Amino acid sequence: MTTLSDDARQLLSLLAYIYLENNRPEKSAVLLSALDALGHADTRARATLALAQLRAGKPETALATLDGLAMAGAVDAVFHLIRAQTLLALERRDEAAAAMRAYVALRPQDAAQAAPLTSASA
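Residues numbered from 1 in each chain as written. Predicted model: local features only at pLDDT ≥ 70, side-chain atom pairs only at ≥ 80, totals over all residues. Heavy atoms only, no water.

Observations regarding the nonpolar core
Residues Leu32, Leu66, Leu69 and Ile82 are the most contacted members of the largest nonpolar core, which totals 18 residues. Of all the secondary structure elements, the ones that give two or more residues to this core are helix H1 (6-21), helix H2 (25-37), helix H3 (43-55), helix H4 (59-71) and helix H5 (77-89). Per element, the largest residue contribution to this core is six residues, and it comes from H3. The residues contacting leucine 32, other than those within four sequence positions of it, are Ala16, Ala45, Thr48 and Leu49. The next biggest cluster of nonpolar side chains, apart from the first, holds five residues, and it includes Leu63, Ala84, Ala96 and Ala99. (Core = buried A, V, L, I, M, F, W, Y, C linked by side-chain atoms within 4.5 Å. Buried < 20%, exposed > 50% of the residue type's maximum accessible area, 1.4 Å probe, protein only. Helix = DSSP H or I, 4+ residues; strand = E, 2+ residues; numbered from the N terminus. Contact = heavy atoms within 4.5 Å.)

Comments concerning the pattern of salt bridges
Scanning all chains against the criterion turns up four salt bridges. For aspartate 67, the salt bridge is made with arginine 83, and the minimal N-O distance between the two is 3.5 Å. Here aspartate 67 is found in helix H4, whereas its partner arginine 83 is found in helix H5, with 16 residues between them in sequence. According to the relative accessible area criterion, aspartate 67 is partly exposed, its value standing at 38%. (Salt bridge = Lys/Arg side-chain N within 4 Å of Asp/Glu carboxyl O.)

Encoded structure:
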């Protein structure tokens, strides 16, 4: 594993995020792939990599990235949301629907909805 300083890793992650937010998913994917290849991509960076690959028009590659995350046990609500979008892009509708159901089941509940109403707040 090549050693990167924490500042360098954070800078590459930030630049990848900026590229993704500015409709340059292919550039984001290159940076995040490099971080992954160097062993410096955490779960969030790898999920973002899958999203960048999907937005760059490479759903098969995104699905492979998601499969790697699943093998590492990094399955959360965000994983299922990206997986649902990826499977839909691959026209695997039944699997996409199942992934969306898993996302809905795992997503964090809004604090306002979860808090019971009291007479003081009513």
